[in-house]
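Below are the chains, spelled out letter by letter.
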Number of protein chains: 2
Amino acid sequence: MKATIYDIAREAGVSIATVSQVINGKGKISEKRRAEIMEIMERLHYQPSAIAAALTGKQTYTLGLLVPDISNPYFAELARAVEDRSRKLGYSVVICSTDNKDERVERYLNLLQQKRVDGMMIGTGIDNADILAPLLQQSIPVALIARQMPTLSVHTVAIDDRLGGALAAQHLLELGHTHLAVLSEPFKVSSSQERIRGFREQLQQAGHTLAPERIRASSADLHAAKQEVLQLLSDIERPTGLFCCNDIQAIGALQAAKELGLRVPEDVSIIGFDNTILASVTSPPLTTIAQPIEELGRHAVDILIEELKDHNKQPQQKVLKPELVIRESTGPRVER
Amino acid sequence: MKATIYDIAREAGVSIATVSQVINGKGKISEKRRAEIMEIMERLHYQPSAIAAALTGKQTYTLGLLVPDISNPYFAELARAVEDRSRKLGYSVVICSTDNKDERVERYLNLLQQKRVDGMMIGTGIDNADILAPLLQQSIPVALIARQMPTLSVHTVAIDDRLGGALAAQHLLELGHTHLAVLSEPFKVSSSQERIRGFREQLQQAGHTLAPERIRASSADLHAAKQEVLQLLSDIERPTGLFCCNDIQAIGALQAAKELGLRVPEDVSIIGFDNTILASVTSPPLTTIAQPIEELGRHAVDILIEELKDHNKQPQQKVLKPELVIRESTGPRVER
DNA sequence: TTGAAAGCGATACCAC
DNA sequence: GTGGTATCGCTTTCAA
């Protein structure tokens, strides 16, 4: 049914070795034969088996990408960037949603290993760094995206979260806000911690402080975020500026403000993080700290493939800079 | 370096056949041997090569999913549904963004064939149905998701777009709107055509008509949609109800209305389609026709895998029902 | 219960 | 230039 290299060889009256040569453009084959064989491959709709090729030691030209949830716009955009770059370089990508569960991560890691992917990109949280050990031991290239695993020496592409937090603080300060609050992701998320650190440092530099009770945590869930913010904004000492560690949370904040009859930005300025498509569709559109998502994905792929090419020595660490994107959810402080 | 079945066999002092048996839980192996071998596999971090297995005729347990753009929330949510179901059944999925370009579709189709995916799900537009022919010829299971290819007999999972359009019209009519307009995707998109047909039919049943100039088309791009709607709403005979063929366009409409100083829903009621996460984050939140995205993905996977199991005869056609989700972007008509 | 051996579809080295 | 053949890691009869 399916044509194999043998079928082509027989049809052309040559050996499979010769056919293999023309498939891979290697060796010396007379122009005539080459054309002949190509024609036959075409005619028989021949597709060389990547699987058989991989078995002989060739790469699979497949990369794995682990994210918590591909339906989350941030990871969807990241996936797109990764896929685009991969395709351009001749690779395809298997995307896996882990829901941040170590058990799932581990299962996927094994699965991808069995399928002999050439490398893996990890954009999902991992509680126990040990589960990556087997990979490294087998020297399968791994790149972490926007995640830190200080105990491991692996390739890393990340953004400067601390700077991001600082930018947010700076923006709010410049608008005259000094009563500030923060909505964080769960505390174990290191990137959130860094963002908050940067935010707080910037405040301190300006002579302000951030009381611990002004920092609340919630899951990335819209509704949960809204509930937290509802409380934050009901405080008598209502903050006039709120920094959220991702766009979804910022949207929850927007909704909370609305529910309380507060105007954004006149009553509260709200600033998000990520700059996913969500930030541009809210009303008012969200001021946010933009992650260079496309670059993040592109570099991860490049690093991986580079390692595949010349069995890299040193783990690379790339840190990209976030940027402030001003839309309409932040404005100058208004005296009350 | 990497342990193979031979390493395990040698270590256990048995033949590779025996090891293979225990890997696959087949044949009759003494409990003692089985336990012994398992222990050794564990100890050596042995991962059987799925590639070698596939070469012997086993499935690859990999499915392909083609969508126009994985960063679009609708497709991201679909991908998540597909992935979830696939994982549950032991498959992983390769996701490919085609940007609706036939050339890309074709390249991916070939690529996935070479990698011997067990089946493909196609959620991307295809202009020339012929490029699917080779697949069907090779009897590779294919399922179209929310796409129609009338000329081909393939599995199809879709929603009743016409009903969706009708639901939208009905809702608007019930609110008292009779001055209506429609924002469509480009006219070659068949699902949009069906939605509009259903919309129009419902109007006609109620004794109203929809003038051709009240139907505008734009790409799925937020900004393009906004521009179209800006024109629609600037008409002296401004419509009080607007049906958009997807949520992104509806958001463009929301923004256009805002820019014109029109209130939603008091001045214009706007209704979208898809019910992606976007619909819930806008302000006001979007009334929209919900696609059962999760079911769509799940059925596509199920159909494919069912065919893999018992080499199905008849192409299946599954049509799911959309539902009206009322939020706050639609309201009763207000006399002016 | 276990093992020997024939593929699966390609690659690559070595002859000719 | 071209062909013969061992090999990759596993599955699967068929014998023993």
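Residues numbered from 1 in each chain as written. Chains lettered and ligands numbered in written order. Predicted model: local features only at pLDDT ≥ 70, side-chain atom pairs only at ≥ 80, totals over all residues. Heavy atoms only, no water.

Caption draft 1: Spatial organisation of the protein's contact with DNA strand C. For DNA strand C, the set of nearby residues contains 28 residues, the closest of which are Ile5(A), Ser20(A), Tyr46(A), Ser49(A) and Thr18(B). When atoms of DNA strand C within 4 Å of the protein are sorted by moiety, sugar and phosphate together comprise 70%. Contacts to DNA strand C include Lys26(A), whose side-chain N or O atom sits 3.1 Å from a phosphate oxygen. Contact between DNA strand C and Arg33(B): a phosphate oxygen at 2.9 Å from a side-chain N or O atom of the residue. Mapped by element, the contributors of at least two residues to the surface near DNA strand C are α1 (5-12), α2 (16-24) and α4 (50-55) of chain A together with α2 (16-24) of chain B. The element best represented in the surface near DNA strand C is α2(A), accounting for four residues. When its residues are assigned to classes, the surface near DNA strand C shows 13 nonpolar, eleven polar and four charged. (Near = heavy atom within 4 Å. Polar contact = N/O pair within 3.5 Å; in protein donor to acceptor, adjacent residues only side chain to side chain. Helix = DSSP H or I, 4+ residues; strand = E, 2+ residues; numbered from the N terminus. Nonpolar A, V, L, I, M, F, W, Y, C, P; charged D, E, K, R; others polar.)

Caption draft 2: Local environment of the sheet that holds strand β12 (residues 323-325) of chain A. Residues and elements named next belong to chain A. Here we have six strands laid out as an open sheet, ordered β7-β6-β8-β9-β10-β12, and mixed in their pairing. Of all the strands in the sheet, just β7 (215-217) and β12 have a single pairing partner and so form its edges. Neighbouring strand axes in the sheet, compared pairwise and without regard to direction, differ in orientation by 20 degrees on average. Relative to strand β9 (residues 269-274), strand β8 (residues 241-244) runs parallel, the two being bridged by three bridges. Across the sheet, residue Phe243 finds its bridge partner in β9, namely Ile271. Lying on the sheet, helix α9 (residues 190-205) is in contact with β6 (180-184), β7, β8 and β9; it crosses β6 at an angle near 170 degrees. Running at roughly 160 degrees to β6, helix α10 (residues 222-234) makes contact with β6, β7 and β8 of the sheet. (Pairing = 2+ DSSP bridges. Axes fitted to C-alpha atoms, helices over the stretch in contact; angles between N-to-C directions. Contact = heavy atoms within 4.5 Å.)

Caption draft 3: Structural detail: the protein's contact with DNA strand D. As a structural note, the neighbourhood of DNA strand D is formed by 28 residues, with Thr18(A), Ser30(A), Ile5(B), Ser20(B) and Tyr46(B) the closest of them. At the protein interface, 69% of the atoms of DNA strand D within 4 Å belong to sugar or phosphate. Thr18(A) is positioned with one of its side-chain polar atoms (N or O) 2.6 Å from a phosphate oxygen of DNA strand D. Asn24(B) is positioned such that a nitrogen or oxygen atom in its side chain is 3.1 Å from a phosphate oxygen of DNA strand D.

Caption draft 4: Local environment of the pairing of strand β6 (residues 180-184) of chain B. All names here are of chain B. With five of its five residues buried, β6 lies for the most part within the structure. Of the two faces of β6, the one carrying Leu180, Val182 and Ser184 and the one carrying Ala181 and Leu183 are both buried. With four bridges connecting them, β6 and strand β8 (residues 241-244) associate as parallel partners. What sits directly across from Ala181, in β8, is Leu242. As paired strands, β6 and strand β7 (residues 215-217) are joined by three bridges and run parallel to one another. Opposite Val182, over in β7, you have Ile215 as the bridge partner. Between β6 and its parallel partner β7, the chain crosses via helix α9 (residues 190-205), and the hand of that crossover is right-handed. (Buried < 20%, exposed > 50% of the residue type's maximum accessible area, 1.4 Å probe, protein only. Right-handed = clockwise from strand over helix to strand, strands pointing away.)

Caption draft 5: Fine view of the pattern of salt bridges. With the rule as written, the count across this model stands at 40 salt bridges over all chains. Residue Glu228(A) is joined to Arg216(A) by a salt bridge in which the shortest nitrogen-to-oxygen separation is 3.1 Å. Here Glu228(A) is found in helix α10, whereas its partner Arg216(A) is found in strand β7, with twelve residues between them in sequence. Here the salt bridges share partners, and the residues they tie into one network are Asp69(A), Asp99(A), Arg104(A), Arg80(B), Asp84(B) and Arg87(B). (Salt bridge = Lys/Arg side-chain N within 4 Å of Asp/Glu carboxyl O.)

Caption draft 6: Region of the structure containing the state of the cysteines. Taken as a whole and assessed by the stated rule, the structure comprises zero disulfides over all chains. Here Cys96(A) stays unpaired: no disulfide links it, and the sulfur of Cys96(B), its closest cysteine neighbor, is 14 Å away. Cysteine Cys244(A) remains unbridged, with the sulfur of Cys245(A) as its closest cysteine sulfur at 7.7 Å. (Disulfide = S-S within 2.5 Å.)

Caption draft 7: Here's a closer look at the interface of chain A and chain B. Each partner contributes residues to the interface: chain A has 56 residues there, and chain B has 57 residues. Summing both partners gives a buried area of about 5,000 Å² for chain A against chain B, and 55% of it is carried by carbon and sulfur. Our count for the contact surface shared by chain A and chain B stands at four salt bridges. A salt bridge links Asp99(A) to Arg80(B); the nearest nitrogen and oxygen atoms lie 2.4 Å apart. One can count 31 residue pairs in polar contact (both at pLDDT 80 or more) joining chain A with chain B. For the side of chain A that touches chain B, the secondary-structure elements that each account for two or more residues are α4, α5 (73-88), β2 (92-97), α6 (102-114), α11 (247-259) and α12 (277-281) of chain A. Counting residues per element, the side of chain A that touches chain B draws most heavily on α5(A), which supplies eight residues. (Buried area = accessible area lost by both parts, 1.4 Å probe.)

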